[in-house]
Amino acid sequence: MTNKIGSMVSFNSKLLKPSIFMSIILVVISMLGFKIGGQLGVYLLLFGLMTGFNARQISLKRIVVLSLTMAILVGAASYWQDNLWIVTFLVGLAALVTGLFEKWAVGIGHLIPIAVAVAGMVHQAQDPIFPTVWIIIGCSVGILLVYLFKIHQKPSIATTVQLKIYTAVIVLMATTFTYIAIKYNLPHGYWAIFTLCAVLKPATNETISTVRMRVFGTIIGAIFGLVSVLLLPHWLTTVFALLCLLFMINYMLDSRYTMYVVVLTTLLVLLMSNGVKSEAINISEIRLLLTVFSSAITALVALIIWRFQKHYIIKKHN
C-alpha cells in the first residue's frame, strides 16, 4: 500500500527541467495577467497556454487554427458578457468547435468552451480585444515551450460514431450548464463546465475512468488546500502553492491525471482564498459541489451513450 502511494505521488525527474522552466513561465504569465486583466486575465492566459501545449500532439498549422478559433470565440463572449442567451449560444458553439477539432486529436479543444464560459461570466470592463490577445499570447507561449523542449505525445484515437455522439452531447450539456450557471448566478459556475469538458471523452469507459480520477483528485486536493490554509502561516502557503505548481506541470507532462487534479485543486484553494480561512472553506465547498455534480451528470450521460452505441452496433450488424 505504501509503495503504491509512493509511486502515485512520485516526481518524474526526467521532466524536471521543463517542469521548472514552465512553472516559472506560468508564474510570470499569471502575474502579468493579473496586472493587466485581473482574475479574467490570469484565467485566459493560462487557458491559452494549456491549449498551446497541444502542439505536442498535432501539427503547427492545426494548433494555430485551434488557437485563433479559441481567441475569436473568447473575444465575442467578452463583448456580450453576462448576456444569458448569447453567452449560452457561444459556449454551445465553442463546444461544437471542440467536437469538430476532436477528429485531429481527442482532447485538444476541451478548453475552448471553458475559456468562452469564463470570458462571458467573469465580469470585466476592458475592451474585448484584450481577452482575445491574452488567448493568443498564452497559446503562442505554450506552442513555443513545446517546440523548445521537444515535448511530444501521441494523440488519442476515436471512431467516427464516437466523435459524432460526443459532439452532440458536449454541445447539449455545455449549453445547459452555462444557462443554469448564468440564470441562477452560481458562484464559479464555469467550474461545472470545466469538469464536463475535462471528463467527457468519446469513449464511454474512458469517461467513467476520468470521472473517478477527477472526483477523487478534487476531494483530496480540496482537503489538502483547506488544511494548508487553516494550519499554515500565509507566507508558507505561498511557498506550498509554488511547489504545487511545479508538481502540477510535472504530472501534466507525465500524463498522470489523478495527481494533476489533486495539485490543481490544492493550488486553486490556496490562491483563491489568499490565506483567508473562511474563503478557503467556501472555495473548497463550491469546487467539490460543482465537480461532483458535473461529474455525476456526465457519468450518467456516458452510460446512456454506451447503451445507445451498443444498440447501434448490434442493429448495424443485424
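S.K.: So, the overall build of the chain: which residues are in play, and what are the values?
M.R.: A count of helices and strands for the chain gives twelve helices and zero strands. Its helices and strands in sequence order give the chain the pattern α-α-α-α-α-α-α-α-α-α-α-α, from N to C terminus. Against the compact-globule benchmark of 20 Å for 318 residues, the chain has a radius of gyration of 19 Å, which places it among compact chains. With the C-alpha coordinates of the chain rotated into their principal frame, the extents come out at 65 × 55 × 40 Å. Here the chain holds 318 residues, and 52% of them are scored as buried. Considering only contacts in the chain between residues 6 or more positions apart, those separated by 24 or more positions represent 79%. In the form shown here, the chain has an accessible surface area of approximately 15500 Å², with 71% of it arising from carbon and sulfur atoms. Seen as two clouds, the 22 positive and the 7 negative side-chain charges of the chain have centres 14 Å apart.

S.K.: Hey, could you go over the nonpolar core for me, with residue numbers and the actual values?
M.R.: Core analysis: the biggest nonpolar cluster contains 90 residues, and Phe47, Met70, Ile112, Val116 and Met248 have the highest contact counts within it. Apart from residues no more than four positions distant in its own chain, Ile112 is found in contact with Leu66, Met70, Leu73, Ala94, Val97, Thr98 and Phe101. Grouped together as the second largest cluster of nonpolar side chains are six residues, Val199, Val211, Val215 and Ala299 included.

S.K.: Kindly report on the side chain of Ser228, identifying the contributing residues and their values.
M.R.: Here Ser228 shows up in helix H9 (residues 204-231). From its side chain, Ser228 meets the backbone oxygen of Phe224 in a polar contact 2.6 Å long. The contacts of Ser228, once residues within four sequence positions are left out, are Thr237, Phe240 and Leu270.

S.K.: An account of the packing of H9 against helix H11 (residues 257-273) is needed here, citing residue identities and associated values.
M.R.: Where H9 meets H11, the axes come as close as 7 Å, and the angle between the chain directions of the two elements is 35°. Seen from above, H9 lies across H11 with right-handed handedness. Counted by class, the contact of H9 with H11 contains twelve nonpolar, ten polar and one charged residues.

S.K.: Account for the packing of aromatic side chains, naming residues and giving values.
M.R.: What the rule picks out here adds up to twelve aromatic pairs. With a centroid separation of 5.8 Å and an interplanar angle of 50°, the aromatic rings of Phe247 and Tyr251 are classed as tilted. Here Phe247 and its partner Tyr251 are both found in helix H10 (residues 234-253), four residues apart, which amounts to about one turn of the helix. Members of the aromatic cluster, connected to one another through ring pairs, are Tyr43, Phe47, Tyr190, Trp191 and Phe194. Residue placement shows Arg287 over the ring face of Trp191; its charged tip is 5.2 Å from the ring centre.

S.K.: How would you explain helix H3 (residues 60-79) if you had to name every residue and give the values?
M.R.: In this model, H3 (20 residues) spans 29 Å end to end at C-alpha, consistent with the 28 Å of a helix rising 1.5 Å per residue. Of all the positions in H3, only Ile63, Leu66, Ser67, Met70, Ala71, Leu73, Val74, Gly75, Ala76, Ala77 and Ser78 are classed as buried. Along its buried surface, H3 packs onto helix H2 (16-52), helix H4 (84-101), helix H5 (111-121) and helix H6 (129-149).

S.K.: Would you mind going over the pattern of salt bridges in detail, with residue names and values included?
M.R.: Enumeration over the complete set of coordinates arrives at one salt bridge. Its salt-bridge partner being Asp254, residue Arg256 comes within 3.6 Å of it at the nearest N-O pair. Given the relative accessible area of 17%, Arg256 is considered buried.

Here is what the cut-offs are and how they apply
- Residues numbered from 1 in each chain as written.
- Predicted model: local features only at pLDDT ≥ 70, side-chain atom pairs only at ≥ 80, totals over all residues.
- Heavy atoms only, no water.
- Helix = DSSP H or I, 4+ residues; strand = E, 2+ residues; numbered from the N terminus.
- Rg over C-alpha atoms; globule rule 2.2 N^0.38 Å.
- Buried < 20%, exposed > 50% of the residue type's maximum accessible area, 1.4 Å probe, protein only.
- Contact = heavy atoms within 4.5 Å.
- Areas by Shrake-Rupley, 256 points an atom, 1.4 Å probe, with all protein chains shown as cover.
- Lys, Arg positive; Asp, Glu negative; His and termini not counted.
- Charge placed at Lys NZ, Arg CZ, Asp CG, Glu CD.
- Core = buried A, V, L, I, M, F, W, Y, C linked by side-chain atoms within 4.5 Å.
- Polar contact = N/O pair within 3.5 Å; in protein donor to acceptor, adjacent residues only side chain to side chain.
- Axes fitted to C-alpha atoms, helices over the stretch in contact; angles between N-to-C directions.
- Left-handed = near helix turned anticlockwise from the far one by under 90°.
- Nonpolar A, V, L, I, M, F, W, Y, C, P; charged D, E, K, R; others polar.
- Phe/Tyr/Trp six-rings, centres within 6.5 Å; stacked < 30°, edge-to-face > 60°.
- Lys NZ or Arg CZ within 6 Å of the ring centre and 35° of its normal.
- Expected span 1.5 Å × (residues − 1).
- Salt bridge = Lys/Arg side-chain N within 4 Å of Asp/Glu carboxyl O.

Note that all results are geometric; they support no functional claim without further evidence.
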